[in-house]
Amino acid sequence: MMEYAIDVNNLTKKFGNFTAVDNISFNVKRGEIFGFLGANGAGKTTAMRILCGLSFPTSGKGTVAGYDIATQSENIKKSIGYMSQKFSLYDDLKVWENIRLFAGIYGVPEKEIEPRTEELLKTLDFTSERNSLVSKLPLGWKQKLAFSVAIFHNPCIVFLDEPTGGVDPETRRQFWEMIYEASDRGITVFVTTHYMDEAEYCDRVSIMVDGKIEALDTPLNLKNKFRVNSMEEVFYLLARKATRNE
Amino acid sequence: MKVFLAFVKKEFFHIFRDPRTLLILLGMPVVQIILFGFALSVEINNINVAIIAPERTETIRQITNKIAANRYFTVTGIYDSEDKPAELMRREKANVILRFNHDFNPFVRPVSETQMQIITNASNPNTAVQETMYLQSVINDYFREKQVSSVTPTISPVVRYLYNPGMQSAFNFVPGILGLLMIIICTMMTSVSIVREKETGTMEELLVSPVKPINIILAKMVPYFALSCVNLVTILLISRFVLNVPVSGSIFAIFGISLIYIILALALGMLISSIVKTQVAAMLISAMSLMLPVIILSGMIFPIESAPEFFRWLSCIIPARWYIAAMRKLMIEGLPITYVIKEIVILCGMAITLISISLLKFKNRLE
């Protein structure tokens, strides 16, 4: 059994002369909630795309769910879930049709789809909405549904790209409860966010500045190291160093 | 395969749950064919003729009756002076003025042209020429009946209009409409629907998933392919039974070449979707770079032969030109498939080129 869900060494991604990701190394333990922070343009999204198999690294090595990011992206794709910052279910499909479609895409066995859909709708308290079009749901509900769909196939890791943007605080709290539940089920959570209070909920966080990882530790250790009271201040101290514009 | 079918189903849902789009897709062929077939006819009808005749002789009365009896003409009246007809012409109440001189009498001595004059509104030269020709032929007919040899040409050729003896413009438009519609439905709709997923972010979700990207794209094409086939059948049925356009060639050949054209249009849609990022851009590119050239340069409305040389060359790269030409030969002229080999080869070549380019351009990874 592998020790790390994600293990990255000296990963670099260049676009022409521009180094979007500059020689980063880190690892994420299984079942961990890993916060991946950084200002806009720091290189988070590029790094995440490489991990998801959407983009090849220019140099460096890494494994995701035990598979090599350069050669085994097909295997990686089967072992991860992904939720992008744009809301990403189909608006003109019904709730159950969305669940079915994505369950099918990720190869959930036919027999299991039906009972697990019912179970999911029950947990989310969505049973009455199973036949509603997704476009009719409030944003917070959609977001919760999108997360549930992303982990429906029990992936090894789920990547969340700013999942709580534009969502009210109450829904954000519920959303984080769902993230904890997923983590309890053994799913590794890799999350980017701009909300520093959310960074406090993570087991460990990394902060990217200008393509490099400037800090990586538990929120408590980071606050102690920089002698401040909140992650917000840690972030400011580090992000101030940035020379790169967006 | 199962996943592929699930995707096809999803694409059909996208279309059927958007009734407006569906209505446009299925209603457009009917509307267009009726527009082009009935309303936008290039034949000239309802020509109003004002007649100036200082003296009302029997001959003039007979000519007037002859003109009035023709289905193309309406006589607004016989006037003594030029004032009233000139006013009618300015108000567009009269299209043509037929003027007889005061000494008009064709049976006494040879009629010279000065005895009779046709005045027409040449602000639209094409119509003016056609109106004049119609009117002249009606008058010539009259004199021929009366055996006035001086006006009848000594040799009169017998004209036969091949393939379209009734000279109906619908014959000309039906292949053109097919060529236009396939481009709109296959190219525009496919590219818009692929780009829509890029915009909403679902494409990213799909690319992260284990599904092969090519499956996603192929699944997108299936519904539009099906819709195009439905439209092809609809158009052929309406043309045959409502507009009475013959489907003289072999149905097999007509469908064969249409399928090649549909596939070509789908490949073009895929190519556009791999270049642009927004639905608006996809729509604009399809409309500007495809619809206008198809309408103007394909020979659908304006004959390519009379275009300047540069545009004649340009029209060669427009697939619709070849498709429309082939369909005219097959449908209207009823020629066997051997006469459209050139068009088929060109269309196949274009389709293969487009498919290869779009497959090369198609990004497996979102970079």
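Residues numbered from 1 in each chain as written. Chains lettered and ligands numbered in written order. Predicted model: local features only at pLDDT ≥ 70, side-chain atom pairs only at ≥ 80, totals over all residues.

Caption draft 1: Focus on the sheet that holds strand β3 (residues 96–100) of chain B. All names here are of chain B. In spatial order, the strands read β2-β1-β3-β4; together these 4 strands make up an open sheet with mixed pairing. Across the chains shown, the open sheet's two edge strands, defined by having one partner strand only, are β2 (73–79) and β4 (116–120). Ignoring strand direction, the axes of neighbouring strands in this sheet form an average angle of 20°. Looking at chain direction, β3 and β4 are connected through 5 bridges and run antiparallel. Counterpart to V96 in the pairing with β4 is T120. (Pairing = 2+ DSSP bridges. Helix = DSSP H or I, 4+ residues; strand = E, 2+ residues; numbered from the N terminus. Axes fitted to C-alpha atoms, helices over the stretch in contact; angles between N-to-C directions.)

Caption draft 2: How the structure looks around the environment of R240 of chain A. Residue and element names in this part refer to chain A. Mapped onto the elements, R240 comes out in the segment after α9 (231–239). Residue class for R240 comes out exposed when judged on the 9 C-beta atoms lying within 10 Å of it. The spatial distance from the C-alpha of R240 to the C-alpha of M208 is 12 Å, given a sequence separation of 32 residues. (Buried ≥ 20, exposed ≤ 12 C-beta atoms within 10 Å, placed from the backbone.)

Caption draft 3: Examining the confidence of the model for chain B more closely. Residue and element names in this part refer to chain B. Per-residue confidence for chain B gives a mean pLDDT of 84; residues scoring 70 or more make up 91%. At the low end of the mean pLDDT range in chain B sits helix α2 (residues 19–39), at 81; at the high end sits helix α9 (residues 251–275), at 91. Model confidence for the complex: the whole-complex pTM is 0.76, and ipTM, which rates the interface, is 0.84. (pLDDT = per-residue confidence, 0-100.)

Caption draft 4: Spotlight on the environment of V28 of chain A. Residues and elements named next belong to chain A. Turning to its location among the elements, V28 is positioned in strand β2 (residues 18–29). Judged by the 23 C-beta atoms lying within 10 Å of it, V28 is buried. In this structure the C-alpha to C-alpha distance between V28 and G62, which are 34 residues apart in sequence, comes to 11 Å. When neighbours within four sequence positions are excluded, V28 is seen to be in contact with Y4, A5, I6, F34, T188 and F190. (Contact = placed C-beta atoms within 7 Å.)

Caption draft 5: Representation of helix α5 (residues 139–150) of chain A within the structure. Residues and elements named next belong to chain A. Across its 12 residues, α5 extends 16 Å between first and last C-alpha, which sits within 8% of the 16 Å expected from 1.5 Å per residue. Along α5, 9 of the 12 residues are buried, which leaves the element largely enclosed by surrounding structure. Three or more residues of α5 are buried, namely K142, Q143, K144, L145, A146, F147, S148, V149 and A150. The secondary structure elements touched by the buried residues of α5 are β6 (80–83), α3 (95–105), α4 (110–124), β7 (157–161) and α6 (169–184). (Expected span 1.5 Å × (residues − 1).)

Caption draft 6: Up close: the nonpolar core. Formed by 140 residues in total, the largest nonpolar core has its most connected members in I80, I157, V158, F159 and V189 of chain A together with I257 and L264 of chain B. Take this core: its biggest share by element is 18 residues, from helix α6 (residues 169–200) of chain B. In this structure, L264 of chain B is in contact with P319, L347, M350, A351 and L354 of chain B, ignoring residues within four places of it in sequence. Grouped together as the second largest cluster of nonpolar side chains are 15 residues, I47, V49, I52 and F73 of chain B included. (Core = buried A, V, L, I, M, F, W, Y, C linked by C-beta atoms within 7 Å.)

Caption draft 7: The packing of α9 of chain B against helix α13 (residues 341–361) of chain B, seen in detail. Residue and element names in this part refer to chain B. One way to put it is that α9 packs onto α13 with a least axis distance of 9 Å and a crossing angle of 25°. What the angle tells us is that α9 and α13 run roughly parallel. Pair α9 / α13 crosses with left-handed handedness. On α13, the residues touching I257, I260, Y261, I263, L264, A267, L268, M270, L271 and S274 of α9 are I344, L347, C348, M350, A351, L354, I355, I357, S358 and K361. (Parallel < 35°, antiparallel > 145°, perpendicular 65-115°, else oblique. Left-handed = near helix turned anticlockwise from the far one by under 90°.)

Caption draft 8: Expanded view of the interface of chain B and chain A. Between chain B and chain A, the contact holds 21 residues from the first and 20 residues from the second. Broken down by secondary-structure element, the contributors of at least two residues to the side of chain B that touches chain A are α1 (2–16) and α7 (202–208) of chain B.

Caption draft 9: A look at the packing of α6 of chain B against helix α12 (residues 319–332) of chain B. Residue and element names in this part refer to chain B. Interhelical geometry of α6 versus α12 gives an angle of 140° and a closest axis separation of 9 Å. Classified by the interaxial angle, the pair formed by α6 and α12 is oblique. With respect to the hand of their crossing, α6 and α12 are arranged in right-handed fashion. The segment α6 lies against α12, with F171, V174, P175, G176, L178, G179, L180 and I183 engaging A320, Y323, I324, M327, R328, M331 and I332. The residue makeup of the contact of α6 with α12, split by class, is 12 nonpolar, 2 polar and 1 charged. (Nonpolar A, V, L, I, M, F, W, Y, C, P; charged D, E, K, R; others polar.)

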